[in-house]
Every structure is written in structure tokens, then in C-alpha cells.
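Residue-level structure breakdown
What follows is each chain in one-letter form.
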Amino acid sequence: MERGEIAQLYPAMVERRRHLHRHPELSYEEKETSAYVAQILRQAGAEVQTEVGGHGVVGSIKGSLPGPVVAIRADMDALPIQDEKDCEYKSQVPGVMHACGHDGHTAALLGVAEYFGKKKAELSGEIRLLFQPAEEVCPGGAVAMIQDGALEGVDVIYGVHLWTPIPVGTSASAAGPLMASTDEFFVDIHGRGGHGGMPHKTVDSVVAGAALVMQLQSIVSRSVNPLDPAVVTIGFIQGGTAQNIIAERCRLAGTVRCFNEEARHLIRERITAVVENTARAYGAEATLEYMSGYPTLVNDETEANRFFQVAEQLDSIKPEISQPIMPAEDFAYYLQQVPGCFILVGAGNPAKQAEYPHHHPKFDLDEEAMGHAAGLLISLAESYMKEWQPK
Ligand code: NI
């Protein structure tokens, strides 16, 4: 990639991002967005497959020389939030808003498509562009796209998130675990209600629930390896109707976060056992509903190193080593199948009102970050293709 090439692609990125920003679509409803993407991909010279894993679009740019298949992914969905910004590209859909920057990911990846579309003749291998629906809502679009063959033949995958918590002009990632797994669980304790003054005739579901809250705290402190960060939180407890009535039922709900699949499975097993046995110890019955969210996002070491080298040379985005962060990402599923790297690209800039957290009604990004993201993704793909050796 030569200097100036991104500058040529940049005005279209801004225009497209603003178009998508005005017309956001919720997860699993990205019909118009996907049609818009497909049309631009065709103009850029890509072979296009639509309705991949729902409203997903796959664009494929095949070079005339042999080489690897490099996949790059952008997510396309918006959130159920009312846009409270005051600007000309503000959302025109009541209650729906691109408050996480996925419009910027889509626009940046369309820029990447145009770049490689012009270079087909000198391209060694294939660039596979994955425009993914439904990142924000479990089970997410990634699994469905993988099931529909989006990763077939793919050697490596890259993805970015434009990220306002870090300033524009920087970037961050890490080898190994970068983003947490997120699971949720709900416990219903069933006892036998009765008079508050005659507890011996009842099975008190609130006492069993209180014991359970405390017992669950022992999982992280006593069962999980102290070197594996993990969280078990009970965020919700509800039971009873009055001060002198022993509650027949008590409901608890919680969330589990970790950075390691072994710890994640262990915690699930322990929660199952602790719920069952604690309830039984108090003469109550408990049912557990456990919902697995996205797995831990684990970057490949070689590809994370490639990111640091490439970003260092680009001089538009100063790379830093990121601490693991607690939000989850379904990009994790691609990384379970093929090596790759997910990167946070700085998009924060108070001078451009890009200072609100993701999922905030006034969220915005410094659009320059799209140019940085496109430059980074192009350079990663070119670096991988250059080093590739036939097996
Ligand atoms: Ni997001």
C-alpha cells in the first residue's frame, strides 16, 4: 500500500458511513444494509454471495496469482437506542442507532474492497470480505456465517473495532485472550411457603437463596486457578411478598465472565453442583437455566505480532498492548476456527464529540479512524500474502 491510497478511498468511506448512520438496522434485520453492501462490492469487482448466515454478505476478490485466502470481517448491526446527537447524519429511524460504530466498520471494509478490487491482477490469493449481521445479540451472526461456509478455505482472519475509549491515532491488541466470555444464568428455588412465625412448618426459599449467593462466591475463590481471571456475579435476587410470610419461591440471576475456556467450563460445572446441593441442603428444589454467550476471544500469537509490526510501520496508529477487556465479541468464533487477530482502533476525540462510551445515546466516532482501520487491514493482508509459502 502506498501513502495517499487511503486518502483517495476516505471520502467515500465517510459518505457511506453517514448513509448507514442515518439508516440503522437492528440485529437480524440488516436487509437494506446488506443490499447496500452487496451493490458496492459488485461495483468494486468482487464476487458476491448474499444471505450468508442470515443477512450476511461475502465478497470475494480473487487474484490472478496463487496464494492464501485472507478473510476480513466487519459487523453491520445497530442498537435499540434513540440517537441523541445533533448532527446532519443523525439516525432517521426512531429508537434505532449505530451506537457501537459498526457503520464505521462496514464503511472501512468497503474501502478495503475497493482497494483490492483495483489490484486483482497483482494479487496473490484471495481476499474474502465478511459483512456480518447480528453481532450485538446472542447467538450472533458469526456462527451462522461459519455454518454457511464463510470460512471455507480461509487461512487467516482479521477484524477491528473502532474504539472511543482510546484516542484516534492509536491502536491496541494483544496475543492470547483479549475479550471475555459472557454467560448468564437464572436460578429458581422452590420451597414451601407458610407463616413467618412458624418456620418449622415451611421450607424457606429465601434462606436457601441467601445461602446460595454466599456459596457461589466460593467458586472463583476456591475452585478457579488464581492465575485465571474470572467473575461470578449475582446481580438479581427476588423472593417473597411480605415481612411475615415465608416465601415459597426465590429467583436469582447472574453473569459469568472469564478469559479461558477451561475456567469457563469449570465454573459452569461448579454452579450446577452448588445450586443443586445447596437447595437440597435446605430441603428446597432448584432449577438452573444456563445460557452460554460468546466465548473468550483469543488472538493468535503470530498474527498479533504481525499487527504490532505492521502498525508500527504505518505511523498513523501507534500500537499498544491491550489489557484484556470485559465486553464480549462473536469474532471469537472465527478465531476458534482459524488463526487471526482482532484489534481495537482508536476513535476517541473530544474535539469531535467522539467522547461517549459505546452504546451511549450520544456515541460518535472520529471518522479518521475508518481510514486508519482500512490502512491497517490492507497492510495486514498484504503482509500475510507476502510471507505465504505454499504447503
Ligand atoms: Ni460493537
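Cut-offs and rules
- Residues numbered from 1 in each chain as written.
- Predicted model: local features only at pLDDT ≥ 70, side-chain atom pairs only at ≥ 80, totals over all residues.
- Heavy atoms only, no water.
- Donors = N, O, S within 2.8 Å, 3.2 Å for Na, K, Ca; no water.
- Buried < 20%, exposed > 50% of the residue type's maximum accessible area, 1.4 Å probe, protein only.
- Helix = DSSP H or I, 4+ residues; strand = E, 2+ residues; numbered from the N terminus.
- Polar contact = N/O pair within 3.5 Å; in protein donor to acceptor, adjacent residues only side chain to side chain.
- Contact = heavy atoms within 4.5 Å.
- Salt bridge = Lys/Arg side-chain N within 4 Å of Asp/Glu carboxyl O.
- Phe/Tyr/Trp six-rings, centres within 6.5 Å; stacked < 30°, edge-to-face > 60°.
- Domains from an automatic or database assignment.
- Buried area = accessible area lost by both parts, 1.4 Å probe.

1. A short note on the coordination of the nickel ion
Taken together, the protein ligands of the nickel ion are Cys100 (SG), His102 (NE2) and His161 (NE2), with distances of 2.2 to 2.3 Å. Mapping the donors of the nickel ion onto the primary sequence yields the spacing C-x1-H-x58-H. Neither cysteine 100 nor histidine 102 differs from the other in exposure class; each is buried.

2. Quick word on the side chain of glutamate 126
Checked against the element boundaries, glutamate 126 lands in strand β4 (residues 124–132). Take glutamate 126: its relative accessible area is 10%, and that puts it in the buried class. There is a polar contact of 2.6 Å between the side chain of glutamate 126 and the side chain of arginine 128. With residues up to four places along the chain from it excluded, the contact list for glutamate 126 reads Ser60, Ile61, Lys62, Pro68, Val69, Val70 and Met385.

3. Considerations on the side chain of histidine 21
Its place among the elements puts histidine 21 in helix α1 (residues 5–22). Under the relative-accessibility criterion, histidine 21 is labelled buried at 0%. Excluding its chain neighbours within four sequence positions, the residues that come into contact with histidine 21 are Asp83, Lys85, Tyr89, Lys90, Ser91, His98 and Asp103.

4. Examining the pattern of salt bridges
For side chains bearing opposite charge, pairing can occur when the charged atoms are close. Counted by the stated rule, this structure contains 22 salt bridges. Two residues, arginine 18 and glutamate 88, come together in a salt bridge whose shortest N-O distance is 3.2 Å. In this pair, arginine 18 is assigned in helix α1 and glutamate 88 in the loop between β3 (65–75) and α3 (102–117), connecting sequence segments 70 residues apart. For arginine 18, a relative accessible area of 23% corresponds to the partly exposed category. By relative accessible area, glutamate 88 is classed as exposed at 52%. Aspartate 366 is the partner of lysine 352 in a salt bridge, and the nearest nitrogen-oxygen pair spans 3.0 Å. Of the two residues, lysine 352 sits in the loop between β16 (340–348) and α9 (368–387) while aspartate 366 sits in the loop between β16 and α9, which places them 14 residues apart along the sequence. Look at lysine 352 and you get partly exposed, because its relative accessible area is 38%. A single network of salt bridges, built from pairs that share partners, joins Arg17, Arg18, Arg22, Glu88, Asp103, Asp364 and Glu367.

5. Regarding the packing of aromatic side chains
Scanning the entire structure with this criterion turns up 6 aromatic pairs. Look at tyrosine 115 and phenylalanine 116: their rings are 5.0 Å apart centre to centre, the planes differ by 90°, and that puts the pair in the edge-to-face class. Taking the relative accessible area as the measure of exposure, tyrosine 115 reaches 3% and is therefore buried. Relative to tyrosine 290, the ring of phenylalanine 185 lies with its centre 5.9 Å away and its plane at 10°, an arrangement referred to as stacked. Taken as a pair, phenylalanine 185 in strand β8 (residues 181–190) and tyrosine 290 in strand β13 (residues 285–292) lie far apart in primary sequence, 105 residues in all. Exposure remark for phenylalanine 185: the relative accessible area of 0% places this residue in the buried category.

6. Some points on the domain arrangement of the chain
If you check the domain split of the chain, you get domain 1 (3–179 + 296–387) and domain 2 (181–292). Summed over both partners, the interface of domain 1 with domain 2 comes to about 710 Å²; 61% of that surface belongs to carbon and sulfur atoms. Together, Thr296, Met326 and Ala328 form the three largest contributors to the area buried by domain 1 at its contact with domain 2, with a combined 66%. At the boundary of domain 1 and domain 2, one finds 0 salt bridges.

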